[in-house]
Amino acid sequence: MKRLALATLLLSINGVLLLYYAYSWGSLVYLAFALLSLVLAYGVGAENRTAVKVALIYSAIEFFFALLFLIAGNLFSAIDAAISFFILHDILGYIKEVTLEEDGEKPEAGAGE
């Protein structure tokens with residue numbers, strides 16, 4: 001399986017969900033974040049280092065706010081929190097694998113698979 005395939009897929013799903021919110025509520029803010037998610041999905045799929053770093057920061061902030069909304073009682077934020085968590089998990093696994101390759105060490109069996 002290609003590296004960062006899960007993060008690319010989940011960023012695309014997140015972008016489509018945000019596009020739905022932008023359409024149903026007529027919000028330009030949701031539209032801006034939907035386009036950001038889709039552009040990040042393309043950049044992460046191409047393994048662009050800047051896009052990976054921005055996607056990591058974006059997903060961490062989104063995960064934090066999704067958890068806050070979940071604590072406040074918005075149960076639909078659980079979906080957003082789960083998507084952001086798996087994006088973070090995939091990107092951090094990718095970063096670990098790349099740093100091990102750059103240091104010349106052999107990655108552990110099962111890491112990134």
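Just so it is clear, the model here is predicted, and its values are computed rather than measured. (Residues numbered from 1 in each chain as written. Predicted model: local features only at pLDDT ≥ 70, side-chain atom pairs only at ≥ 80, totals over all residues. Heavy atoms only, no water.)

Caption draft 1: Spotlight on the pattern of salt bridges. Applying the stated criterion across every chain, the model contains four salt bridges. For Arg3, the salt bridge is made with Glu47, and the minimal N-O distance between the two is 3.6 Å. Of this pair, Arg3 sits in the segment before helix H1 (5–25) while Glu47 is found in the loop between helix H2 (28–45) and helix H3 (49–72), placing the two residues 44 residues apart along the sequence. Judged by relative accessible area, Glu47 falls into the partly exposed class, the value being 26%. Linking Arg49 and Glu102 is a salt bridge whose minimum nitrogen-to-oxygen distance equals 2.5 Å. Of this pair, Arg49 sits in helix H3 while Glu102 is found in helix H4 (residues 77–103), placing the two residues 53 residues apart along the sequence. A relative accessible area of 51% means that Glu102 is categorised as exposed. Through salt bridges that share partners, Arg3, Glu47, Glu97 and Glu101 make up one connected network. (Salt bridge = Lys/Arg side-chain N within 4 Å of Asp/Glu carboxyl O. Helix = DSSP H or I, 4+ residues; strand = E, 2+ residues; numbered from the N terminus. Buried < 20%, exposed > 50% of the residue type's maximum accessible area, 1.4 Å probe, protein only.)

Caption draft 2: Molecular detail of the packing of aromatic side chains. Enumeration according to the criterion identifies eight aromatic pairs in this entry. Plain terms: the ring middles of Phe64 and Phe65 are 5.4 Å apart, the flat faces sit at 70° to each other, and that makes the pair edge-to-face. Consider the rings of Phe85 and Phe86, whose centres lie 5.4 Å apart with planes at 70°: the pair is edge-to-face. Taking relative accessible area as the criterion, Phe85 reaches 41% and is therefore assigned partly exposed. Within the aromatic cluster, the residues linked to one another by ring pairs are Tyr20, Tyr21, Trp25 and Tyr30. (Phe/Tyr/Trp six-rings, centres within 6.5 Å; stacked < 30°, edge-to-face > 60°.)

Caption draft 3: Looking closely at H4. Between its first and last C-alpha atoms H4 spans 39 Å; for 27 residues at 1.5 Å apiece the expected length is 39 Å, and the two agree. Every buried residue of H4 is listed here: Ser77, Ala81, Ile83, Ser84, Ile87, Leu88, Asp90, Ile91, Tyr94, Glu97, Val98 and Leu100. For H4, the secondary structure elements touched by its buried residues are H1 and H3. One or two steps after H4, the chain reaches Gly104, where phi turns positive at roughly 85°. (Expected span 1.5 Å × (residues − 1). Contact = heavy atoms within 4.5 Å.)

Caption draft 4: Fine view of a nonpolar patch on the surface. Judged by side-chain polarity, Leu6, Leu9, Ile13, Leu17, Phe76, Ile79, Phe85 and Phe86 come together as a nonpolar surface patch covering roughly 760 Å² of accessible area. Mapped onto the nonpolar patch, the elements with two or more residues apiece are H1 and H4. As for its placement among the helices and strands, Phe85 is situated in helix H4. (Patch = residues over 30% accessible without salt bridge, like charges linked within 9 Å, V, L, I, M, F, W, Y side chains within 5 Å. Areas by Shrake-Rupley, 256 points an atom, 1.4 Å probe, with all protein chains shown as cover.)

Caption draft 5: Structural view of the UniProt feature "transmembrane region" (unreviewed entry) in the protein chain. This chain's UniProt record puts "transmembrane region" (unreviewed entry) on residues 25–44 and 56–76. Annotated as 90% helix and 0% strand, the span residues 25–44 places its first and last C-alpha atoms 28 Å apart. The span residues 56–76 carries 81% helix and 0% strand; its end-to-end C-alpha distance comes to 22 Å. (UniProt positions renumbered as here; feature names shortened; annotations may be inferred.)

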